[in-house]
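# Report on the structure
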Number of protein chains: 2
Amino acid sequence: MDAQILQFHAALSQVATRVEDALSGLLPSPETKLGAAMRHAVLGGGKRLRAFVAVESAAIFRVPPGQALRTAAAVECVHAYSLVHDDLPCMDDDDVRRGRPTVHKAWDEATAVLAGDALQTLAFEIICAPQSGIDPRLQARLAWRLAQAAGALGMAGGQALDIAAESAAPLDLDHTTDLQALKTGALFGWAAESGAILGRSDPEPLRRYAAALGLAFQIRDDILDVEGDADEAGKRLRKDGERGKATFVSLLGLDGARRKAHELIVQAAEAVSPYGSAAGNLRLAAQFVYTREG
Amino acid sequence: MDAQILQFHAALSQVATRVEDALSGLLPSPETKLGAAMRHAVLGGGKRLRAFVAVESAAIFRVPPGQALRTAAAVECVHAYSLVHDDLPCMDDDDVRRGRPTVHKAWDEATAVLAGDALQTLAFEIICAPQSGIDPRLQARLAWRLAQAAGALGMAGGQALDIAAESAAPLDLDHTTDLQALKTGALFGWAAESGAILGRSDPEPLRRYAAALGLAFQIRDDILDVEGDADEAGKRLRKDGERGKATFVSLLGLDGARRKAHELIVQAAEAVSPYGSAAGNLRLAAQFVYTREG
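Residues numbered from 1 in each chain as written. Chains lettered and ligands numbered in written order. Predicted model: local features only at pLDDT ≥ 70, side-chain atom pairs only at ≥ 80, totals over all residues.

### A look at the overall build of chain A
For chain A, the helix and strand inventory stands at 14 helices and two strands. The C-alpha radius of gyration of chain A comes to 18 Å, within 12% of the 19 Å expected for a compact globule of 294 residues. Along the longest, intermediate and shortest principal axes, the C-alpha atoms of chain A span 50 × 45 × 35 Å. Evaluated residue by residue, chain A yields a buried proportion of 55% over its 294 residues. (Helix = DSSP H or I, 4+ residues; strand = E, 2+ residues; numbered from the N terminus. Rg over C-alpha atoms; globule rule 2.2 N^0.38 Å. Buried ≥ 20, exposed ≤ 12 C-beta atoms within 10 Å, placed from the backbone.)

### Observations concerning the relation of the copies chain B and chain A
For the match of chain B to chain A, the screw axis carries a shift of 0.0 Å, the RMSD comes to 0.0 Å, and the turn is 180°. The superposition of one copy onto the other is thereby described by a two-fold rotation axis. Both copies contact each other with a shared surface, as 100% of the interface residues of chain B are interface residues in chain A too. (Least-squares fit on C-alpha atoms with pLDDT ≥ 70 in both. Contact = placed C-beta atoms within 7 Å.)

### Notes on the packing of helix H7 (residues 136-150) of chain A against helix H7 (residues 136-150) of chain B
In the contact formed by H7 of chain A and H7 of chain B, the axes pass within 7 Å of each other and the chain directions differ by 60°. Viewed along their axes, H7 of chain A and H7 of chain B adopt a mutual orientation that is oblique. H7 of chain A and H7 of chain B meet at a crossing whose hand is left-handed. Here Pro-136, Arg-137, Gln-139, Ala-140 and Ala-143 of chain A of H7 of chain A lie close against H7 of chain B, whose contacting residues are Pro-136, Arg-137, Gln-139, Ala-140 and Ala-143 of chain B. Grouping the amino acids of the contact of H7 of chain A with H7 of chain B by side-chain chemistry returns six nonpolar, two polar and two charged. (Axes fitted to C-alpha atoms, helices over the stretch in contact; angles between N-to-C directions. Parallel < 35°, antiparallel > 145°, perpendicular 65-115°, else oblique. Left-handed = near helix turned anticlockwise from the far one by under 90°. Nonpolar A, V, L, I, M, F, W, Y, C, P; charged D, E, K, R; others polar.)

### A word on the interface of chain B and chain A
Facing 43 residues of chain B, the contacting portion of chain A comprises 43 residues. Those elements that place two or more of their residues in the side of chain B that touches chain A are helix H2 (33-42), helix H6 (109-128), H7 and helix H8 (155-166) of chain B. Ranked by residue count, the leading element in the side of chain B that touches chain A is H6 of chain B, at 13 residues. Partitioned by chemical class, the residues of the side of chain B that touches chain A number 27 nonpolar, eleven polar and five charged.

### A word on unusual backbone geometry
Residue and element names in this part refer to chain A. With a phi close to 65°, Arg-48 is a non-glycine residue in the positive phi region. By C-beta crowding, Arg-48 is classed as buried, having 23 other C-beta atoms within 10 Å. Notably, Arg-62 is not glycine yet its phi reads approximately 55°, a positive angle. Residue position: Arg-62 is located in the loop between helix H3 (49-60) and helix H4 (65-86).

### Here's the deal with the confidence of the model for chain A
With 96% of its residues at a pLDDT of 70 or more, chain A shows a mean pLDDT of 93. With a pTM of 0.96, the predicted complex shows an ipTM of 0.96. (pLDDT = per-residue confidence, 0-100.)

### A few points about the environment of Gly-256 of chain A
Residue position: Gly-256 of chain A is located in helix H13 (residues 248-271). For Gly-256 of chain A, a count of 14 C-beta atoms within 10 Å translates into the label partly exposed.

### Details of helix H8 (residues 155-166) of chain A
Here H8 of chain A spans 17 Å end to end across twelve residues, near enough to the 16 Å set by a 1.5 Å rise per residue. Among the twelve residues of H8 of chain A, nine are classified as buried, and the element is accordingly described as predominantly covered. Among all positions of H8 of chain A, only Met-155, Ala-156, Gly-157, Gly-158, Gln-159, Ala-160, Leu-161, Asp-162 and Ile-163 of chain A are buried. Among the structural elements, H4, H7 and helix H9 (173-198) of chain A together with H2 and H6 of chain B are those in contact with the buried residues of H8 of chain A. (Expected span 1.5 Å × (residues − 1).)

### Looking at helix H3 (residues 49-60) of chain B
Residue and element names in this part refer to chain B. Compared with the 16 Å implied by 1.5 Å per residue over twelve residues, the 17 Å span of H3 between its first and last C-alpha is a close match. Here H3 lies mainly inside the structure; twelve of its twelve residues are buried. Taken as a whole, H3 has its buried residues at Leu-49, Arg-50, Ala-51, Phe-52, Val-53, Ala-54, Val-55, Glu-56, Ser-57, Ala-58, Ala-59 and Ile-60. On its buried face, H3 sits against helix H1 (3-26), helix H4 (65-86), helix H9 (173-198), helix H10 (204-227) and helix H14 (280-291). Of the residues one or two after H3, Arg-62 is the one with positive phi, at around 55°.

So this is what it looks like as structure tokens:
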């Protein structure tokens with residue numbers, strides 16, 4: 001690994017630690033079953049890439065770090081809620097996540113439904129809390145945009161399309177791209193634009209960055225689903241192939257998918273070129289998405 | 001019925017129609033399965049008592065009606081999301097709600113999970129949308145308080161305690177009261193205080209009103225669960241008794257439960273006495289809660 005990549009991994013790991021600490025203080029106590037399940041879902045490690053994008057986009061505009069940690073914690077709560085619900089038997093029916101039992105396996109389905117529900121709520125509480133230090137006008141804007149990113153015309157809508165696609169003919173490339181832009185891209189989009197909102201700046205370049213990043217992330221997921229090692233990924237692999245679902249690999253082939261992902265990380269890097277060296281870590285994050293093994 | 005009660009029913013029904021219209025415009029299109037399921041869950045009628053409390057508390061402070069309709073619509077979205085998830089097979093396993101099939105019966109469990117998820121998100125979107133006409137500082141406060149009311153230390157926490165209580169010895173009166181204050185009271189509390197927040201006034205009297213109202217509402221639910229008619233209620237009854245759960249009727253007896261509910265509606269009326277005749281409909285709402293048949 002060259003020095004830049006080493007530096008990126010150090011930065012990613014530092015943000016992960018800081019966000020984990022922040023989340024630990026924001027989550028309810030583990031003394032109740034619901035609190036314990038929520039903590040299990042959120043504090044289980046993970047790359048914290050969405051949090052990293054939120055923190056690094058805020059750093060471009062010299063946003064106070066405590067405010068950026070709020071948006072980073074909120075995006076991880078929404079991401080964790082979506083994983084808890086996606087893992088349910090009525091959805092993807094997964095028993096393992098990040099190398100540990102999923103919430104409905106460690107507890108039960110009812111607890112998993114409620115833990116996911118309460119994690120989504122917590123995301124809005126984290127953003128809108130008076131003690132966040134965020135200007136209330138920006139809190140309202142962040143919450144509104146997060147709701148758009150997470151809701152029926154965003155992440156939840158993408159997940160619904162994904163489930164519908166399982167019982168239909170495989171989607172074509174355009175529909176798969178649209179679906180993933182909702183399911184994965186919308187939340188990356190919010191993480192990226194949150195820094196610009198906090199910095200009272202135009203979020204458009206960061207939205208373009210995140211659209212390319214999110215799609216490259218999903219393509220890499222599809223490649224890892226075929227090539228990857230379940231132990232390293234910490235979750236079940238090869239389930240898309242088993243279900244006959246369209247993936248970027250089934251649509252473009254392995255080489256085609258790699259080429260497409262490479263184009264996208266070039267686009268992502270170009271989108272943040274107006275920020276110069278302040279966006280260095282966001283450019284490295286795009287490279288990481290393209291090369292990651294888990 | 002006397003003239004006051006007739007006037008109250010006219011007001012309740014008028015608010016229900018206005019909120020239903022507002023919700024219809026705020027919900028996603030029925031063209032997708034997710035949008036159709038969300039509309040089925042929210043637009044299925046219901047008394048709209050939480051919406052009524054939000055609208056009437058706002059009217060005390062002469063809040064513009066369009067703003068009050070936003071909080072009313074938001075509280076109905078959160079209420080509907082909680083019903084959709086509570087009805088799931090892993091929770092209460094109910095097939096009928098408001099006289100119609102529950103979302104997981106009309107569609108499937110995955111759609112019910114996602115429709116509930118997206119309805120919660122929509123509540124925050126409705127409150128924080130720039131086009132709501134609400135001062136962004138008040139949007140942030142409303143969203144923060146809603147998150148507290150709906151989350152792990154509010155409604156979702158109450159539901160988790162309720163599920164845990166099913167596999168334990170029946171709760172005593174204090175624990176049952178605490179549980180219901182979270183499960184039912186917290187959201188009524190937000191509906192009541194939302195008017196004071198929009199009116200930049202002290203929310204404390206309205207919070208006290210809602211705490212008494214919510215508890216009286218739950219006691220009446222327990223009485224109807226024993227005495228009521230399933231057709232009129234539009235849902236399955238007598239399930240608490242079958243499960244050996246503590247209810248206000250099992251703890252206090254029918255007469256004791258009626259007396260307790262009456263004390264509470266007197267308390268609710270006293271709490272809003274500082275507002276004089278402007279709180280007339282809120283006092284009638286408390287009476288209605290005590291006498292309703294469904």
